[in-house]
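# Chain and residue survey
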Amino acid sequence: MAKVDNKDFEEEKEFYRNAVNLNEKQGKRGLLETKDKRKDDQIKDDDYLLGEARQPLWRKVAVPSSLINPYRIVIILRLIILLFFFQFRITTPVHDAFALWLISVVCEFWLALSWFVDQFPKWFPITRETYLDRLSIRFEREREPSLLAPLDVFVTTADPLKEPPIITANTVLSVLSVDYPVEKVTCYVSDDSASMLVFDTLAETSEFARIWVPFCKKYNIEPRAPEFYFSQKIDYLKDKVHPTFVKDSRAMKVREYEEFKVKINALVAKAQKKPEEGWVMQDGNPWPGNDSHDHPGMIKVYLGSSGARDKDGKELPRLVYVSREIRPCYQHNKKAGAMNALITMKCLDGIQGPIDEEWLDGYEEQEESSFMSQKKFEKRFGQSPVFIASTLMEGGGLPKGINSRLLIKEAIHVISCGYEDKTEWGKEIGWIYGSVTEDILTWFKMHCRRWKSVYCMPKRAAFKGSVPINLSDRLHQVLKWALGSVEIFLSGHCPLWYGYSGKLKWLQRLAYINIIVYPFTSIPLLVYCAIPAVCLLTGKFIIPILSNLASIWLMVLFISIILACVLELRWSGVSIQDWWRNEQFWVIGGVSAHLFAVFQGILRVIAGVDTNLKVRAKAAEDTVFGELYLFKWTTLLIPPTSLVILNMVGIVAGISNAINNGYDSWGPLFGKLFFSFWVIMHLYPFLKGLMGRQNRTPTIVVLWSILLALIFSIIWVRIDIFLPKQTGPVLKQCGLEC
């Protein structure tokens, strides 16, 4: 019995021992399973991040077919209708006004061709979505240096009194506070005016950046330009904003930024009157740029050097002031020259701009004769061994043994006047010279050399520019752009015949042709806007008596024009107000600035007559209209003023003629009045500016308008508008010998 009990006891003890071991094993297995689960989750996270990193950084987003296909159908129908319209116009000449008919047909054909070329970019409209999180995953990894490319932003200014310093300061602040590794961001400010106002403005901006940059990064501020950020109506309690944000934001707006604006405005007020002895810096030395047309090159590093930290002790992006050397006996090539000076200076860090890569690729093959290679590079890029060595270094950087003092000296050398002499700068490398619209010319040559670009328009505008503050200055700005296009058209880089050996796509070529040809549309546009008034004054018309079929074709043509505009507004998202304002300014600019650009461009290229285009005053505040309807007298206003007066006199003359001639003359009159009112409606903003905001018109405008009115009145009387038109036999008093 005892044996049995002892046996049972041993079995029971063994059972419990096994149970304990089983529990321990299960516990250990559970821990292992937990560890394996965590490891699996980590692997899954790594796989997800790896998959995201392999995803594209952007994707194309096409316009929905339900929006774009109806527009395409209407465009095709409109093109077919235009063909029938021109068949009708050519086969039915107006014999009693043949010259008027011929001129109108030529103008209509040119305008139709211009419209046709404009449709190519609209046929396949796309936009792009970008994924910044994937960019960070791909190039920024924990405990590893960032692989993101360096980011250099060039800000150019030429006249701080016309380009508000507060706008320049906001631009710089938005660049410095960008969400990007600070060691890879550099902002260069190019000052072609060598103004001490810009110099002092950047000094104040660099101080304000020490508190603004950490504020932006702490709270992820958007937009990062303080002027535009504080002008927004922000709900500080939205999304349960932390109370410290409300406190810091109010302190930044009420105290810090307002104090910064006061300092900038004080500098602007001080700069209004230049001392007779010139400006003097804080150290007592005279300002080197007292003569803006004759001064040495200047470079000042505000941020990025030792000791340049924000209020939290963190590193800040670099901020560099650059004013290239200006001498009276040198051609400085305006903005293109300033950009090339910045590129050459920046290349001292090994960052390449738009430089001919084919030339650099052949460098290894030429290493056998290093002396000849050096000579060839100097002839092409300029005599700067440090610049050439830095540019050719793989991954950028500087050659060994280069200290900061030598580097500054070399940087001053590459922004000097004579550095580009007898080199390829402005001809084959860098920004291309030869046009005031240097950007178009440079883009065209880059695309011909297989450079690629993409169109990206984010929902929030990446950059916003300031525009001239009144109509006259805006027309002068448009004149500059149009003049640059005419210069390219008359140069050897015209897209009509240049670059066929390259890789330029035919749609790109058509787009560039459209960019450089559009100013010439001003001639048929001006003539076509004057034709309605001429028809009203002479009693003639460009269209004969319409048959029922011809009337239907004209009606269908106008309907197709209206439908195309409505459908384009639908898929593009442009408001009808913006579209109509653009149409009006197209006519105003076409009959004024574009017309002058054609003649000035011809004189400049053929006769060598240089046109002095100055920087126009820009708006300091982001207003919707600014002083759009306010203008100062300029010769650009003569053609639109003439058209307004001519059409108004024509309307009066036409109505008077219809009253005198009876019921039958009212039918043809309506067609003439329609075209004349079309012209006046498009010139209405100009007419509003002519009258002034408070009905005050410049004296010269009044006198000139009265003079033209008198001239057209004499013409009006000369064509016997008041005399009745008789179609029967002429009855005369016979006398006795009847």
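Residues numbered from 1 in each chain as written. Predicted model: local features only at pLDDT ≥ 70, side-chain atom pairs only at ≥ 80, totals over all residues. Heavy atoms only, no water.

## Let's talk about the overall build of the chain
Rule in force here: Helix and strand definitions follow DSSP, with helices as H or I runs of at least four residues and strands as E runs of at least two, each counted in order from the N terminus. When a residue's accessible area, from a 1.4 Å probe over protein chains only, is under 20% of the maximum for its type it is buried; when over 50% it is exposed; and in between it is partly exposed. Contacts between residues were defined by any pair of non-hydrogen atoms, one from each residue, lying within 4.5 Å. The accessible surface values rely on the Shrake-Rupley method and a 1.4 Å probe; as for residues, cover is taken only from the protein chains in view.
Secondary structure summary: the chain contains 25 helices and 6 strands in total. Residues counted as buried form 40% of the 738 residues belonging to the chain. The contacts in the chain between residues at least 6 apart in sequence include a share of 78% that link residues at least 24 apart. Within the structure as shown, the chain displays about 43,800 Å² of accessible surface, and the carbon and sulfur contribution to it stands at 60%.

## Digging into the packing of helix H18 (residues 522–538) against helix H20 (residues 576–590)
Selection rule: To obtain each axis, a line is fitted to C-alpha atoms, and for helices this fit is confined to the stretch in contact; angles are then taken between N-to-C directions over 0 to 180 degrees. Each angle is binned into one of four classes, with values under 35 degrees roughly parallel, values over 145 roughly antiparallel, values of 65 to 115 roughly perpendicular, and all other values oblique. Side-chain classes are defined by residue name, with Ala, Val, Leu, Ile, Met, Phe, Trp, Tyr, Cys and Pro counting as nonpolar, Asp, Glu, Lys and Arg as charged, and the others, Gly among them, as polar.
Closest axis-to-axis distance for the H18/H20 pair is 9 Å, and the angle between their directions is 100°. In this view, H18 runs roughly perpendicular relative to H20, as classed from their interaxial angle. Of the residues in H20, those in contact with Ser522, Leu525 and Cys529 of H18 are Trp586, Val587 and Gly590. For the contact of H18 with H20, the class distribution of residues is 4 nonpolar, 2 polar and no charged.

## Examining the environment of glutamate 258
Counting through the fold element by element, glutamate 258 comes out in helix H9 (residues 243–271). By relative accessible area, which is 36% here, glutamate 258 ends up partly exposed. Note: C-alpha distance between glutamate 258 and glutamate 227 (31 residues apart in sequence) is 9.9 Å.

## Considering the sheet that holds strand S3 (residues 151–157)
Operational definition: Here, strands pair whenever DSSP counts at least two bridges between them.
In spatial order, the strands read S3-S4-S6-S5; together these 4 strands make up an open sheet with mixed pairing. Across the chains shown, the open sheet's two edge strands, defined by having one partner strand only, are S3 and strand S5 (298–303). For this sheet, the mean angle separating the axes of adjacent strands, direction not counted, is 20°. Strand direction decides the pairing type here: S3 and strand S4 (residues 185–191), joined by 7 bridges, are parallel. Residue pairing across strands places valine 153 opposite cysteine 187, the latter belonging to S4. In the packing of helix H7 (residues 196–219) onto the sheet, the strands contacted are S3, S4, S5 and strand S6 (318–323), and the crossing angle to S5 comes to about 15°. Against the sheet, helix H10 (residues 334–346) makes contact with S3, S4, S5 and S6, and its axis sits at roughly 145° relative to S3, the strand it touches most.

## A look at the confidence of the model for the chain
Our working definition: Confidence scores here are pLDDT values: one per residue, from the predictor, ranging 0 to 100.
Looking at the chain as a whole, the pLDDT averages 77, with 75% of positions reaching at least 70. Note that residues 717–728 has pLDDT below 50 and, in this model, 10 contacts with residues that lie over four places away or in other chains.

## Some details on the packing of H18 against helix H22 (residues 638–661)
The following threshold applies: In this scheme the handedness of a crossing depends on how the near helix is turned from the far one: anticlockwise by less than a right angle means left-handed, clockwise means right-handed.
Contact geometry of H18 with H22 gives a least axis separation of 7 Å together with a crossing angle of 25°. In terms of their interaxial angle, H18 and H22 are classed as roughly parallel. Judged by the sense of rotation from one axis to the other, the crossing of H18 with H22 is left-handed. Seen from H18, the contacting residues are Leu526, Cys529, Ala530, Pro532, Ala533, Leu536 and Leu537; seen from H22, they are Pro639, Leu643, Leu646, Asn647, Val649, Gly650, Ile651, Ala653 and Gly654. Counted by class, the contact of H18 with H22 contains 13 nonpolar, 3 polar and no charged residues.

## Topic: the environment of threonine 244
Looking at where threonine 244 falls in the secondary structure, it is placed in helix H9. Each C-alpha atom, one on threonine 244 and one on tyrosine 219, is 10.0 Å from the other, the two residues being 25 residues apart in sequence.

## With respect to H18
What counts, and what does not: Expected span of a helix, by definition, is 1.5 Å for each gap between consecutive residues, and there is one gap fewer than residues.
Its 17 residues give H18 an end-to-end C-alpha distance of 24 Å, which sits within 8% of 24 Å, the value for a rise of 1.5 Å per residue. Burial within H18 is extensive, with 12 of its 17 residues counted as buried. If you check which residues of H18 are buried, you get Ser522, Pro524, Leu525, Tyr528, Cys529, Ala530, Ile531, Pro532, Ala533, Cys535, Leu536 and Leu537. A positive backbone phi angle near 80° is found at glycine 539, which sits one or two residues after H18.

## A short note on empty space enclosed by the protein
Our working definition: A cavity here means a set of points on a 1 Å grid, drawn over the protein atoms and nothing else, where a 1.4 Å probe fits but cannot get out; a pocket is an open set with protein on both sides within 12 Å along at least five of seven lines, and a residue lines either one if it has an atom within 4 Å of a point. Grid points are joined across faces, edges and corners, and a volume is the space filled by probe spheres set on the points.
Under the criterion given, the structure shown has 4 cavities of 30 Å³ or more. In this structure, the second largest cavity spans a volume of roughly 60 Å³. If you trace the second largest cavity, you find it lined by Thr157, Pro160, Glu163, Pro165, Thr168, Ala169, Val198, Thr201, Leu202 and Thr205. Among the elements of the structure, helix H6 (165–176) and H7 are those that each provide at least two residues to the lining of the second largest cavity.

## Focus: the environment of leucine 102
Mapped onto the fold, leucine 102 is located in helix H3 (residues 98–118). For the pair formed by leucine 102 and isoleucine 90, sequence separation is 12 residues and the distance between their alpha carbons is 8.8 Å.

## Here's the deal with the packing of aromatic side chains
Any aromatic ring pair is given by two values, namely how distant the centres are and how the planes are angled relative to each other. Spelled out, the test is: Two rings from Phe, Tyr or Trp (for Trp, the six-membered ring) form a pair when their centres sit within 6.5 Å of each other. Planes less than 30 degrees apart are called stacked, planes more than 60 degrees apart edge-to-face, and all others tilted.
Under the defined criterion, the tally for this structure stands at 29 aromatic pairs. Where phenylalanine 120 meets tryptophan 506, the ring centres are 6.2 Å apart and the plane angle is 85°; that geometry is what we call edge-to-face. Of this pair, phenylalanine 120 sits in helix H4 (residues 120–123) while tryptophan 506 sits in helix H17 (residues 506–517), and the two are 386 residues apart along the sequence. Under the relative-accessibility criterion, phenylalanine 120 is labelled partly exposed at 27%. Accessibility expressed as a relative area gives 57% for tryptophan 506, which makes it exposed. Aromatic pair tyrosine 257 and phenylalanine 260: ring centres 6.1 Å apart, planes at 35°, arrangement tilted. Note that tyrosine 257 and phenylalanine 260 are positioned in helix H9 at a spacing of 3 residues, about one turn of the helix. On the accessibility criterion, phenylalanine 260 (3% relative accessible area) is buried.

## A few points about the pattern of salt bridges
How we decide: In the sections that follow, a salt bridge refers to a side-chain nitrogen of Lys or Arg positioned within 4 Å of a carboxyl oxygen of Asp or Glu.
Taken as a whole and assessed by the stated rule, the structure comprises 16 salt bridges. Note that arginine 210 and glutamate 207 form a salt bridge whose closest N and O atoms lie 3.5 Å from each other. Of this pair, arginine 210 and glutamate 207 both sit in helix H7, 3 residues apart, roughly one helical turn. The partner of glutamate 227 in a salt bridge is lysine 261, and the shortest N-O contact between them spans 3.6 Å. With glutamate 227 in helix H8 (residues 226–230) and lysine 261 in helix H9, this residue pair connects regions lying 34 residues apart in the sequence. Members of the salt-bridge network, linked through shared partners, are Asp294, Glu325 and Arg327.

## Points about the side chain of threonine 205
Definition in use: Two N or O atoms count as a polar contact when they lie within 3.5 Å, although within protein this holds only if one can serve as hydrogen donor and the other as acceptor, and sequence-adjacent residues are included solely when both atoms are side-chain atoms.
Counting through the fold element by element, threonine 205 comes out in helix H7. From its side chain, threonine 205 meets the backbone oxygen of threonine 201 in a polar contact 2.7 Å long.

## A few points about a nonpolar patch on the surface
Heads up, the condition is: Here the term patch refers to residues with relative accessible area over 30% and no salt bridge, with like charges joined within 9 Å and nonpolar side chains (Val, Leu, Ile, Met, Phe, Trp, Tyr) within 5 Å.
Residues Ile73, Ile76, Leu77, Ile80 and Phe84 make up a contiguous nonpolar surface patch of roughly 440 Å² in combined accessible area. Mapped onto the secondary structure, isoleucine 73 falls in helix H2 (residues 65–91). Residue class for isoleucine 73 comes out exposed when judged on its relative accessible area of 52%.

## Looking at unusual backbone geometry
In the segment running from glutamate 222 into proline 223, the intervening peptide bond is cis, with an omega of -10°. Mapped onto the secondary structure, proline 223 falls in the loop between H7 and H8. One non-glycine residue with positive phi stands out, namely alanine 194, at about 50°. When you line up the elements, alanine 194 lands in the loop between S4 and H7.

## Some thoughts on H10
Its 13 residues give H10 an end-to-end C-alpha distance of 19 Å, which sits within 8% of 18 Å, the value for a rise of 1.5 Å per residue. Of all the 13 residues making up H10, 11 are buried; the element is thus mostly covered by neighbouring parts of the structure. Turning to H10, its buried residues number three or more, namely Ala336, Gly337, Ala338, Met339, Asn340, Ala341, Leu342, Ile343, Thr344, Met345 and Lys346.

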